[in-house]
Structure formats: structure tokens, C-alpha cells
Amino acid sequence: MSHLRITGGRPLRGEIAVQGAKNSVLPILSATILSADACRIRCCPRLDDVDAAAEILAYLGCAVRWEGGDLVVDSSRMTGCHIPRYLMEKMRSSVIFLGPLLARFGEASLSYPGGCQLGPRPIDLHLQALREMGAEIREDGGRLLCRARRLRGAEISLPIPSVGATENILLAGCGAAGTTILSGAAREPEIEDLQSFLVRCGAQVSGAGGHTVAVVGKQPLHGCQHRCIGDRIAAATYLCAAAATGGQIALLGVEQRHLGAVCRVLQRCGCTMRHEEGFLALRGPERLRGANIIATAPFPGFPTDAQAILMATLCRADGATMMVENLFDSRFRHVPELRRMGAHIRCQGRTAVVYGVDALHGAAMRATDLRGGAALVVAALQAEEPSAIYEIHHIQRGYEDIARDIRALGGHIDFAADG
Ligand code: EPZ
């Protein structure tokens, strides 16, 4: 096991290309099950969660191989439709295999998914929608046993725009008989990316990015080559790190429209931003201003995945910021760790108030979840003394190599063996 060692206090400067989006590639890897030929995911981010998805595909009998930076999945000879518990528990996105497995085999058996501990993360909306499409689902000893001789298209309305449920419904709809109309769909850019992939494979899907998505069932799909969108949360992490250190950076391979809410907050705090297609630049002020109130919301609102990262960014701001977490019950687990560095943060329920302090000092900290871990990196970059961040496996689920990227921007960060 290793930890990250970081010595901060210097502005980040430079230009990097942003990795492909974790939350795009994971449902796309599940979608490869619907294809009768090989699919090539170009420049696929090398993440622990991608390895977990590849392991599930291999277990199901797909041929999965890396070719340089591309991940190639051939599901033409797959036979399995059962995913064992140890694979399900590796990540939340394992549940997105349910829709495509039912669509292809009319059968699936799996257990509840793992993933970051952010409070309760039910899958009731996934199961309800699949039942409306004709699936019979029963639970036996923690296993979900699912059957549908042939899924049928349905009119489904989601009461909450769940990202995962939207993805499962889209994928199930591709293999269902007839048309599925989903209203109340999640509008995240990763849903649009999933639609792009499916359309490339010959599927009839339209409306992603809006509230209503339509899918005309058609099976099997054919193979395709696809390059995922840039990872907007990795991009937000580096923008925040530059903002917090008074730096100046440019990011390639990311769309400003995917990051509108984050950019608006950073501008409110005193950053100057510039963008062109696939290019986003930020210059941070000497000291950031507090952001007043930030409330997380589904896209296009302020992303819950950037909440911890922005909180770390504003620990030394001039003024206070109130952060309201509206999506998950337990997404302030990074706060006690930030306090070790001298941050002044008060929490009550789903609200946290960050009072800017003059300086943060180095500390030993523990990553509690993926984005909470990234937030500790952003905080440590602001302290002149060395910091250590342990339990970085959380960070490695979603960042290809955060140390490589920060180093490319002039930051002092490296891996060291735990001892
Ligand atoms: C996706 O998780 C992302 N993960 C999360 O990113 C992200 O935080 C989240 O969307 C919200 O944007 C992936 O895409 C792999 P949801 P997901 O279903 O799909 C409730 C990261 O750091 N809900 O949109 O699991 C749920 O409890 C990760 O990269 C139900 O009540 O999120 C939550 O309050 C962490 N029943 C809300 O909906 C359900 O059946 C939104 O969850 C499903 C969800």
C-alpha cells in the first residue's frame, strides 16, 4: 500500500489533457454487452473502477483486452448472466449490468452494488423501472434474481433524475420489444455520451441531455469505436487546485458547458476563466473570496461530486461559504480530515459552513471516499508543510494518476510506501 506525499504552497501552472470520464466509460462498458461484435473504447481511462468493470465482463465470458490506451471488448461469445457478490461489491456501477443482461439473456442474477459510502444508495428506481418493462425480480439471500422472457418497451417516469436508473432504463430499452419513453431522466453529460455510444452501435435512442429520452428496441447492436467525453469532475479538481493556489492552468479535452455551474462559482470567487471548444483555462486570484451559498443539484446544477473539492478550495478564502448537500446523506466525511489541516468548518446535517482561515498547515489524513480524497489533495496543495494522504485506493477508483497530473502542473506530490 502507498500514500501520497504533498508539499504545497506554490501556484499550479501549465497545461494538461484531462482523462476520459469515469462516469461515462462505466455504463458504456456495460452497454458493450448489447453488441454482437467488438467495441473499442478509445483512450479509455485506466482506473480501478474500469478494471472492476473489465473483470465483470471477463467473468461473463467477454474477451476484454487493452491495446495501447484503448480497451477492446468483444461480447459476441459471452454466456454468463450471473455476477458474483465479490465483483458486484467492487463499485456502484456494477448495477448497470442489470439492464443489458436482462435485455440480452432475459435473465440476470446479481447482488447489491458497492461504491463510495455516501449514505443510503438504494436501487429501488432501477428495479421498479425494469419491473414496468416486464421483468420479474425477487430477492433471495441478498441475491437479486431477475427474469424477463422478453423485456417490453414502457412509459416510465422517474420521480428523481437518477443517473444510474436512467442508464439502466436506456440499456434495457435497447433490447426491449417496442418503444420506451423515459420522462424525468437524468440530464448529466454522461447520459448524452452513453446515447452517442449506443447510436454508434446502431441503437435508436434520442433525447439524452433533456428530460425525456426515447428508445426503440433493436437487437443485437453492432460494434463501434468510441472516445468518451473528458472527465468533468477530474477537470473540476484541477481547476479548483489551481484556483486555491493562485495558479494559472489550461485543460484540454473538456467542455466548458459540462462544467458551467463549477465555472460560475469559481468566477464568483475571483477566478478569471476562458474557454474554447475542448479547452478551458483558469487564472486564480491571490486570495479567493467566499462563495456565499452553494447547493448541490442534479445537472445542470452544482455537482455533488465537486462539493468536497470546492469546500477544500475555499478553506482559505476571504469570507464564509455555506454548502448544502442535496443528493447524499453522508457526503461530509472529508470534513474531520480537512480540520486536521486547520480548516474551520461547521457541519449540521446536510449543511456545512466553511469559514476561511489565513493558512492551512500540513497534516496526515485519510481519504474517506473518492471525491473526499481528491479534496484532501486540493487542501494539501495549499499548505507549505508536507502532508500525507492515506487510503488512496479511494482516489484511484476515479483518477487515472492524480500525482502525474498535479506534477505536470508543477505541484510537489509523489507516492510513498506505507510504513
Ligand atoms: C452517479 O451515481 C455517479 N456515479 C455519482 O458519482 C454521482 O455522485 C451521482 O450519480 C449523482 O450525480 C456514476 O455515474 C458511476 P443517482 P448514481 O442514482 O447513479 C437517489 C463519483 O464520485 N436514488 O443519480 O448512483 C440516490 O440515493 C460518483 O464519481 C434513489 O433514491 O446516483 C441519490 O440521492 C459517486 N433510488 C439520488 O437518487 C435509486 O434507485 C441520485 O443518485 C437510485 C437513486
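Residues numbered from 1 in each chain as written. Predicted model: local features only at pLDDT ≥ 70, side-chain atom pairs only at ≥ 80, totals over all residues. Heavy atoms only, no water.

A few words on the sheet that holds strand S22 (residues 386–390). A sheet is described by the order of its strands in space; here four strands give the open sequence S21-S22-S1-S23, paired in mixed fashion. In the strand order of this sheet, the two ends are held by strand S21 (364–366) and strand S23 (412–417), each with one partner. Ignoring strand direction, the axes of neighbouring strands in this sheet form an average angle of 25°. Pairing between S21 and S22: three bridges, direction parallel. Each bridged residue has a counterpart across the sheet, and for Ala364 the counterpart in S22 is Ala388. (Pairing = 2+ DSSP bridges. Helix = DSSP H or I, 4+ residues; strand = E, 2+ residues; numbered from the N terminus. Axes fitted to C-alpha atoms, helices over the stretch in contact; angles between N-to-C directions.)

Over its 13 residues, helix H8 (residues 232–244) extends 18 Å from the first C-alpha to the last, a length consistent with the 18 Å expected when each residue adds 1.5 Å. N-cap assignment for H8: the residue whose side-chain oxygen lies 3.0 Å from the backbone N of Ile233 is Asp231. Immediately beyond the C-terminal end of H8, within one or two residues, lies Gly246, with a positive phi of roughly 65°. (Expected span 1.5 Å × (residues − 1). Polar contact = N/O pair within 3.5 Å; in protein donor to acceptor, adjacent residues only side chain to side chain.)

Size of an interface, as often reported, equals the accessible area lost when the parts are brought together. Entries for the protein in the domain assignment read domain 1 (2–19 + 230–417) and domain 2 (22–227). On a C-alpha basis, the centres of domain 1 and domain 2 stand 30 Å from each other. Listed as interface residues are 23 residues of domain 1 and, on the opposing side, 24 residues of domain 2. Between domain 1 and domain 2 lies a buried interface of about 1800 Å² when both sides are counted; carbon and sulfur atoms form 53% of it. Our count for the contact surface shared by domain 1 and domain 2 stands at two salt bridges. A salt bridge links Arg397 to Asp49, with the nearest nitrogen and oxygen atoms 3.2 Å apart. Where domain 1 packs against domain 2, one counts six residue pairs in polar contact (both at pLDDT 80 or more). Broken down by secondary-structure element, the contributors of at least two residues to the side of domain 1 that touches domain 2 are helix H12 (370–380) and helix H13 (393–396). Residues that form the side of domain 1 that touches domain 2 fall into these classes: six nonpolar, six polar and 11 charged. (Domains from an automatic or database assignment. Contact = heavy atoms within 4.5 Å. Buried area = accessible area lost by both parts, 1.4 Å probe. Salt bridge = Lys/Arg side-chain N within 4 Å of Asp/Glu carboxyl O. Nonpolar A, V, L, I, M, F, W, Y, C, P; charged D, E, K, R; others polar.)

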